[in-house]
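Residue-level structural notes
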Amino acid sequence: MAGVQERQYEEFFGGFYFDEDALSKDISLDGLDKELEEHKNYDVLISILTNGEKQRDMATMVEGNLGHIEQDLIQDYIKDNDSLVLLHDQIHDCDIVLSQIGSLLSGFQVHIRSLSSELRSLHEKSLDLGVRLKNRKLAETKLAAFVEEIVAPPGLVNAIIDGEVNDDYIKSLNMLSKKLRFAQVDPLLNASKALKDIKQELERLRKKALSKVSAYVIGIFSSMRKPGTNIQILQQNLLQKYRHLVLFLKEHGIEKYNDVCAAYVDKMNKVLSEDFRVYLEALESLKLDIGVSTDVIGYDANVVDLIPRGREQLRNHRFMFSLGERSNILKEIDQPGLVPCISEANSLKYPYEVIFRSLQKLLMDTASSEYIFIKAFFRDESMFYRVFEGPVAVIDENMKLTLANSHDAICLMLMICITKKHQLVMSNRRLPCLDTYLDKALIYLWPRFKTVFDMYIQSLYQCDAKMLWVDGTHPHHIVRCYMEFTASLIQLNAECGDGQLDMSLKRLRLAVDDLLVRFAEKFATQKLKHLFLLNNCDMAISILKEAGEEAKELRRYFEEKLESNLVSFVDELLMEYFGDLIKFVKNHISEDLISYTECPNIADVEPVVKNFAVKWRTALELMHNEVVTCCSNFVSGMAILKAAMAQLLNDYNRLSECVKMIPGGSSLNRNLVSITSISYEIRKYSRTL
């Protein structure tokens, strides 16, 4: 163990080998410090070696070695003493040089501080000069703008006073307007002496411009009254270009502006009023007269009088109650209006609703163009209504006169539909300018329509049924007129009605029902009465079918009435040709063939059976011929025959069953006609239908 420790100590202290050659060399201060640091490591080692008794000897040896080393070091430093002194002197010289440099730097620092103070002063002066420059530039800008706004250059003065009104003049006028507006914006500017000096000059220019512009614009308005002038083209190509002139008048000369507006309203009112008056007079020559006060349904004398006058007049009379092709006018609502000279050249005549649509089409197009122009040119929509006071008055006067003499209800209803469609057109154009006129037109039309409609109803109640009655069971012409009239109104009501017609149509139906009953009472027999009603109901149904689904409720009413009269007519028909058979069956046999209302005997039934066997074929033929001749509708006649023959077959079958049940009835078997024979005969007539 001791040997191991000794080897460790040798290895440790072996690193502290002192080279004598190294000691003879110059030792620097840094080397000295390094060696002293190494000696500190020895002290630490000594403190470690002192721990324990076993290490004491070794510590003594180390201390001895340290003493020798210390002596050696002292000797080394003594030998190098000259070098250290020289080093000290050099360090002292360096301190002196550094001191001189420090003094020089202190002087530089003081000088720099003085320069910083001067720079700060110069910076403050620079900022002050910048603020002054900025303020002067701002003042210069505002003053230049002020001078530019109020000063009227010679070129502007010459252009306003002596220049022609053209695009350059409008530019000069806008410049003057800007200067006048500038002087009015800020009240503080009015206190400026410079403005007071120039204001008189600006005022003189304003008055001159107002006078010149108003005269020029009124001159253009005057040219509108020249014959053949296309006002819309003049407005779009010329006036719209000079709308800034009117805006200048409105802003800087309200009196002149009002004068210009009054001049425009006066001239356009007269021009448009005259144009519409001339157009109306031309359209009047194209009017096809349909219906007068006596051409209502109940005045049969007029219908009779029309026949010898020719087919054209009779057709026009029918035209009064039938819509027909007149409904096409509603599909042509946006088509151009009539050109009177072309229509006259072709000798064309038109119902009044065609003329009415053309007139309103012209009014809508003219009003739309004028409204848009006034709104853009004058920026005053109220002027439009003053301009159109005259034209609307001309149209209103014509409409009142025409409506007072109109008795064509179809025409009146078409006019109502046309007006409602025109309201939709103006709504799509988003122009409210004719709302009042179109509403007023409906206010005129509806009362007149209801008045004429009431005349139709009153004519039916008040007419002389004896004078109108025709000795025949075919549909009466009045009923045909009524049904065509009703179907027409139903179609128009579906097109643009608002429910106002529903009650009126019911009233008219009641009036015609009353007239039919009075007509039917003129017939001598119940059979003819029912046949007359049946034929008229059948005709009504045929006409209503053409009116479409809108007429289904009224059609159902006539179908029920047709069915009721068909049953009654069949009973009367069978009673005429097979009366004894029908009476016997009704009086003696129930429907179920089981019970008897009166107990029959062989004497009662024998004449009935024999009579039927003799004449049944002849009676069937006569009945067939009568139905075919009297029924106006082939299909309706077939339905009557089928119903009659089915009823006959049923009654005769009941009679046959009754004969079999009566005591002694077998004796009549040879006289009974087989059901098969009757059915065969009935099928034969059915095939001929």
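All of these numbers come straight from a predicted model, not from anything done at the bench.

Along the backbone of the chain there are 28 helices and 0 strands. Counting all 689 residues of the chain, 43% fall into the buried class. In the form shown here, the chain has an accessible surface area of approximately 38,300 Å², with 55% of it arising from carbon and sulfur atoms.

Looking now at the nonpolar core. Tyr264, Phe378, Leu434, Phe449, Met483, Phe578 and Leu655 are the most contacted members of the largest nonpolar core, which totals 177 residues. Apart from the residues within four sequence positions on either side, Phe378 is in contact with Phe221, Val246, Lys250, Tyr257, Val260, Cys261, Tyr264, Phe373 and Met383.

Every α-helical turn comprises 3.6 residues, leaving residues that sit three or four positions apart pointing alike. Between its first and last C-alpha, helix 15 (residues 352-377) extends 37 Å over 26 residues, near the 38 Å set by a 1.5 Å rise per residue. Among the 26 residues of helix 15, 21 are classified as buried, and the element is accordingly described as predominantly covered.

Moving on, we get to unusual backbone geometry. Phi is positive for Ser347, which is not a glycine, with a value near 55 degrees. If you trace the backbone, Ser347 turns up in the loop between helix 14 (340-345) and helix 15. Exposure remark for Ser347: the relative accessible area of 63% places this residue in the exposed category. The phi angle at Arg379 is positive, at roughly 55 degrees, despite the residue not being glycine. Positionally, Arg379 belongs in the loop between helix 15 and helix 16 (382-387). Residue classification places Arg379 among the exposed positions, given a relative accessible area of 55%.

Across its 21 residues, helix 18 (residues 409-429) extends 30 Å between first and last C-alpha, which sits within 8% of the 30 Å expected from 1.5 Å per residue. A large share of helix 18 lies buried, amounting to 15 of its 21 residues. With a side-chain oxygen lying 3.2 Å from the backbone nitrogen of Ile410, the N-terminal cap of helix 18 falls on Asp408. Trailing helix 18 by a residue or two, Arg430 shows a phi angle of about 60 degrees, which is positive.

Take the environment of Asp514 next. Structurally, the position occupied by Asp514 is in helix 22 (residues 501-520). Remark: the alpha-carbon pair of Asp514 and Leu460, spanning 54 residues in sequence, is separated by 8.3 Å.

Let's shift gears to the pattern of salt bridges. Under the counting rule described, the total for this entry stands at 21 salt bridges. Between Arg507 and Asp454 there is a salt bridge; the shortest N-O distance is 3.0 Å. On the criterion of sequence distance, the pair formed by Arg507 in helix 22 and Asp454 in helix 19 (residues 435-462) is long-range, its members being 53 residues apart. The exposure class of Arg507 is partly exposed, given its relative accessible area of 33%. You can call Asp454 partly exposed: its relative accessible area is 31%.

This structure, assessed with the given rule, holds 20 aromatic pairs. The interplanar angle of 40 degrees and the centroid separation of 5.8 Å between the aromatic rings of Phe449 and Phe453 together place this pair among those described as tilted. Remark: Phe453 and Phe449 occur in helix 19; sequence separation between them is 4 residues, near one turn of the helix. For the pair Phe449 and Phe453, a shared accessibility class is recorded, and that class is buried.

Right, let's talk about the side chain of Asn536 for a bit. In this fold, Asn536 is placed in helix 23 (residues 526-546). Exposure remark for Asn536: the relative accessible area of 0% places this residue in the buried category. Looking at Asn536, its side chain comes within polar contact range of the main-chain oxygen of Phe532, at 2.7 Å. Sequence-distant contacts of Asn536, defined by excluding residues within four places in its chain, comprise His474, Pro475, His476, Val479 and Leu516.

Between helix 19 and helix 21 (residues 477-496), whose axes approach to 13 Å, the crossing angle comes to 155 degrees. Classified by the angle their axes make, helix 19 and helix 21 are roughly antiparallel. Remark: the crossing between helix 19 and helix 21 carries left-handed chirality. Contacts between helix 19 and helix 21 involve Phe449, Phe453, Tyr456 and Leu460 from the first element and Ile478, Phe485 and Leu489 from the second.

A contiguous nonpolar patch, built from Val97, Leu98, Ile101, Leu104, Leu105, Phe108 and Ile112 and spanning about 680 Å² of accessible area, is present on the exposed surface. Note on placement: Leu105 falls in helix 5 (residues 81-150).

Quick look at the environment of Met415 now. Secondary-structure assignment places Met415 in helix 18. With 85 residues separating them along the chain, Met415 and Leu330 place their C-alpha atoms 9.6 Å apart. Other than its neighbours up to four places away in sequence, Met415 contacts Tyr352, Glu353, Phe356, Leu403 and Leu445.

Right, let's get into the confidence of the model for the chain. Interpretation of this model should avoid reading the predicted coordinates in detail wherever pLDDT is low. Predicted confidence across the chain gives a mean pLDDT of 79, with 81% of residues reaching 70 or more. Within the model, pLDDT remains below 50 along residues 1-29, and this stretch shows 22 contacts once partners closer than five positions in the same chain are excluded. Predicted confidence is poor over residues 297-318, with pLDDT under 50, and the contacts of this stretch with residues over four places away or in other chains come to 27 contacts.

Let's shift gears to the side chain of Lys361. Mapped onto the elements, Lys361 comes out in helix 15. In contact with Lys361, other than residues within four places in its own chain, are Ile333, Asp334, Gln335, Gly337, His422 and Arg429.

Here we take up the packing of helix 26 (residues 602-630) against helix 27 (residues 634-661). Running from N to C, helix 26 and helix 27 cross one another at 175 degrees; their axes reach a closest spacing of 12 Å. Judged by the inter-axis angle, helix 26 sits roughly antiparallel to helix 27. Note on element contacts: helix 27 touches helix 26 through Gly637, Ile640, Leu641, Ala644, Met645, Leu648, Tyr652, Leu655 and Val659, opposite Val605, Val608, Val609, Phe612, Leu620, Met623, His624 and Val627. Among the residues forming the contact of helix 26 with helix 27, the class breakdown is 15 nonpolar, 2 polar and no charged.

Conventions we followed
Residue positions within a chain follow its written sequence, with the count starting from 1. This being a predicted model, a pLDDT of at least 70 is required before a residue's local features are given, and a value of 80 or more before pairs of side-chain atoms are given or counted; all residues contribute to the totals for chains, interfaces and linings. Excluding hydrogens and water, the side-chain values take into account all heavy atoms of the structure. Numbered from the N terminus, helices here are DSSP runs of H or I no shorter than four residues, and strands are runs of E no shorter than two. Categorising residues by exposure relies on relative accessible area from a 1.4 Å probe, with only protein chains included: less than 20% of the type maximum marks a residue as buried, more than 50% marks it as exposed, and the intermediate range marks it as partly exposed. Only the protein chains shown count as cover for residues, and all accessible areas are computed by the Shrake-Rupley method using a 1.4 Å probe. To form a nonpolar core, buried Ala, Val, Leu, Ile, Met, Phe, Trp, Tyr and Cys residues must be joined to one another through side-chain atoms within 4.5 Å. Two residues qualify as a contact provided that any one of their heavy atoms is within 4.5 Å of a heavy atom in the partner residue. To estimate the expected span of a helix, subtract one from its residue number and multiply by 1.5 Å. The definition of a polar contact used here is a pair of N or O atoms within 3.5 Å, where within protein one atom must be able to donate a hydrogen and the other to accept one, and adjacent residues in sequence count solely through side-chain atom pairs. By definition, a salt bridge exists where a carboxyl oxygen of Asp or Glu is found within 4 Å of a side-chain nitrogen of Lys or Arg. Two aromatic rings, drawn from Phe, Tyr or Trp (for Trp, its six-membered ring), form a pair once their centres lie within 6.5 Å of each other, and the interplanar angle then sorts them: stacked below 30 degrees, edge-to-face above 60, tilted otherwise. Lines are fitted to the C-alpha atoms to define the axes, a helix being fitted only along its stretch in contact, and any angle between axes, read from their N-to-C directions, falls within 0 to 180 degrees. With respect to orientation, any angle under 35 degrees is reported as roughly parallel, any angle over 145 as roughly antiparallel, any angle of 65 to 115 as roughly perpendicular, and every other angle as oblique. Helix crossings get a hand from a simple test, with the near helix turned counterclockwise from the far one by less than a right angle marking a left-handed crossing and a clockwise turn marking a right-handed one. Residues with no salt bridge and a relative accessible area higher than 30% make up the patches, which join like charges within 9 Å and nonpolar side chains (Val, Leu, Ile, Met, Phe, Trp, Tyr) within 5 Å. For every residue, the predictor reports its confidence as pLDDT, a number between 0 and 100. The classification used treats Ala, Val, Leu, Ile, Met, Phe, Trp, Tyr, Cys and Pro as nonpolar, Asp, Glu, Lys and Arg as charged, and all other residues, Gly among them, as polar.

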